[in-house]
Amino acid sequence: MKKRIGTAFILAIILMLPVSNKISFCGEERNVFDIIKVDAAITPAVSNYIVKAIARSHDEGSSGIVILLDTPGGLDLAMRDIVKELLNPPLPVIVFVYPSGARSASAGVMITMSAPIAAMAPGTNIGAAHPVAIGGGKMDETMASKVENDAVAYIRGIAQQRMRNADWAEKAVRESVSIPATEALNLNVIDVIASDIKDLLIKVDGTTVRLSSGDIVLNSKNAAINTVQMGFRDRILVAISNPNIAYLLMMIGLAGLYFEFANPGAILPGVVGGISLVLAFFAMQTLPVNYAGIVLIIFGIILFIAEIKIISHGMLSVAGVISLVLGSVMLFESSSPAIRVSFGVIIPTIGFMAFFFAMVVTLAVKAQREKPVTGIEGMIGREGVAITDVQQDGKVLVRGEYWNASSRDFIGEGQPVRVLDGKGLKLEVEKI
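Residues numbered from 1 in each chain as written. Predicted model: local features only at pLDDT ≥ 70, side-chain atom pairs only at ≥ 80, totals over all residues. Heavy atoms only, no water.

## What to know about the packing of helix H4 (residues 107–114) against helix H5 (residues 141–161)
Here H4 crosses H5 at 25 degrees, and the two axes come no closer than 9 Å. Here H5 runs roughly parallel to H4, going by the angle between their axes. Viewed along their axes, H4 and H5 form a crossing whose handedness is left-handed. Along the contact surface, H4 presents Val109, Met110, Met113 and Ser114, while H5 presents Ala151, Tyr154, Ile155, Ile158 and Ala159. Each residue belonging to the contact of H4 with H5 can be placed in one class, and the counts come to eight nonpolar, one polar and no charged. (Axes fitted to C-alpha atoms, helices over the stretch in contact; angles between N-to-C directions. Helix = DSSP H or I, 4+ residues; strand = E, 2+ residues; numbered from the N terminus. Parallel < 35°, antiparallel > 145°, perpendicular 65-115°, else oblique. Left-handed = near helix turned anticlockwise from the far one by under 90°. Contact = heavy atoms within 4.5 Å. Nonpolar A, V, L, I, M, F, W, Y, C, P; charged D, E, K, R; others polar.)

## A look at the pattern of salt bridges
According to the stated counting rule, one finds 15 salt bridges in the structure shown. Salt-bridge contacts for Arg156 lead to Glu170; the nearest nitrogen and oxygen are separated by 2.7 Å. Here Glu170 lies in helix H6 (residues 166–174) and Arg156 lies in helix H5, a separation of 14 residues in the sequence. Residue Glu170 is classed as partly exposed on the basis of its relative accessible area, which comes to 22%. Its salt-bridge partner being Arg164, residue Asp191 comes within 2.5 Å of it at the nearest N-O pair. With Asp191 in the loop between helix H7 (181–186) and strand S10 (192–193) and Arg164 in the loop between H5 and H6, this residue pair connects regions lying 27 residues apart in the sequence. Of the residues examined, Asp191 reaches a relative accessible area of 36% and is grouped as partly exposed. Residue Arg164 is classed as buried on the basis of its relative accessible area of 6%. (Salt bridge = Lys/Arg side-chain N within 4 Å of Asp/Glu carboxyl O. Buried < 20%, exposed > 50% of the residue type's maximum accessible area, 1.4 Å probe, protein only.)

## What to know about the packing of aromatic side chains
Scanning the model with the defined rule gives one aromatic pair in all. Relative to Tyr98, the ring of Phe96 lies with its centre 4.9 Å away and its plane at 25 degrees, an arrangement referred to as stacked. With relative accessibility at 0%, the residue Phe96 sits in the buried group. Here Tyr98 falls in the partly exposed class, since its relative accessible area comes to 23%. Directly above the aromatic system of Tyr154 lies the positively charged group of Arg80, at a separation of 4.0 Å from the ring centroid. (Phe/Tyr/Trp six-rings, centres within 6.5 Å; stacked < 30°, edge-to-face > 60°. Lys NZ or Arg CZ within 6 Å of the ring centre and 35° of its normal.)

## Remarks on the sheet that holds strand S15 (residues 395–398)
Each strand in a sheet pairs with its neighbour through backbone hydrogen bonds, running either in the same direction (parallel) or in the opposite one (antiparallel). The strand order around the closed barrel built from five strands is S14-S15-S16-S18-S17, with neighbouring strands paired in mixed fashion. Here the average twist between neighbouring strands, direction ignored, is 55 degrees. The pairing of strand S17 (residues 416–423) with strand S18 (residues 426–431) spans six bridges and is classified as antiparallel. Looking at S18, one finds that Asp421 is bridged to Glu428. (Pairing = 2+ DSSP bridges.)

## Description of unusual backbone geometry
The general pattern is negative phi for most residues beyond glycine and trans for most peptide bonds. Omega for the bond connecting Tyr98 with Pro99 falls within 30 degrees of zero, at 0 degrees, which places this linkage in the cis form. As for its placement among the helices and strands, Pro99 is situated in the loop between strand S5 (93–97) and strand S6 (103–105). At Ala128, a residue that is not glycine, the phi angle is positive and equals roughly 60 degrees. Within the secondary structure layout, Ala128 lies in the loop between strand S8 (125–127) and H5.

## What about the packing of helix H2 (residues 44–59) against helix H3 (residues 76–87)?
Across the interface, H2 lies against H3 with an axial gap of 8 Å and an inter-helix angle of 15 degrees. Classified by the angle their axes make, H2 and H3 are roughly parallel. For H2 against H3, the interelement crossing comes out left-handed. Where H2 abuts H3, its residues Pro44, Ser47, Ile50, Val51 and Ile54 lie against Ala78, Asp81, Ile82, Glu85 and Leu86. Broken down by class, the residue content of the contact of H2 with H3 amounts to seven nonpolar, one polar and two charged.

## Let's talk about the layout of surface pockets
In this model, the second largest pocket occupies a volume close to 350 Å³. Of the residues forming the lining of the second largest pocket, the biggest block, four residues, is contributed by strand S11 (residues 208–211). Split into classes, the residues belonging to the lining of the second largest pocket amount to six nonpolar, six polar and five charged. (1 Å grid on protein atoms, 1.4 Å probe; cavity = no way out; pocket = protein on both sides within 12 Å on 5 of 7 lines; lining within 4 Å. Points joined across faces, edges and corners; volume = space filled by probe spheres on them.)

## Side note on the nonpolar core
Grouped together as the largest cluster of nonpolar side chains are 55 residues, with contacts concentrated most on Leu86, Ile111 and Met113. When near neighbours in sequence (up to four residues on either side) are disregarded, Ile111 contacts Ile42, Leu69, Met79, Ile82, Val83, Leu86 and Val95. Grouped together as the second largest cluster of nonpolar side chains are 30 residues, Leu254, Ile301, Met353 and Phe357 included. (Core = buried A, V, L, I, M, F, W, Y, C linked by side-chain atoms within 4.5 Å.)

## A short note on the sheet that holds strand S7 (residues 117–120)
Reading across from one edge, S10-S7-S5-S4-S3-S13 is the order of the six strands in this open sheet, with parallel pairing throughout. One side of each edge strand has no neighbouring strand; the edge strands of this open sheet are S10 and strand S13 (224–227). Sheet analysis places strand S3 (residues 32–38) next to strand S4 (residues 64–69), joined by six bridges and oriented parallel. In the sheet register, Phe33 faces S4, and the bridge partner there is Gly64. H2 contacts S3, S4 and S5 of the sheet and is inclined by roughly 175 degrees relative to S3.

In structure tokens:
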């Protein structure tokens, strides 16, 4: 019993010791480098993923982390959060523009140049960091100058801190220059060109890296590689943070709820619409939303609904389509085309929505114009035959049913009649 208690106590002590992310092979301890992949526009969801991944690698005792980067750019605020983390890293961080064919454009330039070690694969490119007007429009000269000078000062500061080519960095902003990997290495924009991750770790072995806690020399030549997959939650956040996905979710949500309200009890459209809208609004928390765009989209749908009640000969529907188009274009404000809804998504979506609402409106108007088939209203205009003499009172047979009836003129038994009106269970008829 004492032995068992002693063994349990020792195991408890071992489990309480800090976990080290190092692997031992035949008595030789090997360092471990974590690998994460970022191949999307830089949004708050991506920024949060990178910052958390760096913190997790540090907490688990990894020797470093490699960020495989392929991005067209993204949001300024999200990019700055990543840059702040890379300029004050708790462990060695390598930003590797990989694989061949990948790019580090716009915000990606700032991220790559701020990394303690910047690397590229053959066949990749970096550059084109000139700021674009919000929403894709054209800024006035004074504002354009302010934005450009701010970006230049920011990237020059990053380059100088990392002892990289500040003059080229300024050209990337002012002139939108873009260069391939070999030229980036020659111009001291990056530190190394590597064909793959193993080649990268071999080439950076022995490099001195400045961390927030001091300088450290990399021992990466024989390091083990630990590929860290993006978690399910992060994958969902990154996916719905795509402005095209967020836009589609919102349109599906609005269409689903409209269909549910127009046809109470359908259930499925309402459920799908509600879930889609919740996901869309969640995604919009991480995107630069222009609320005027949302209002225009909702107003467009209201115009489609109004077409059912108001005879406008299609003018309300045309106005609804115009409102949807303007709202879709204005929905996201961003200095990067990567954070705006693509016209390749807007045009078919607007076309589908217009067709959907046009069909609903047509069916609704058709239903309104159809003659009632039930109740007293459904009897008006129907033809039958007098079962008895009819004037103040009498009986008629209409649609296979016996009704009490009255008439302004005398109608003899057996004569054909037509229903003019009705009240309660008594019809007013006339002789045909």
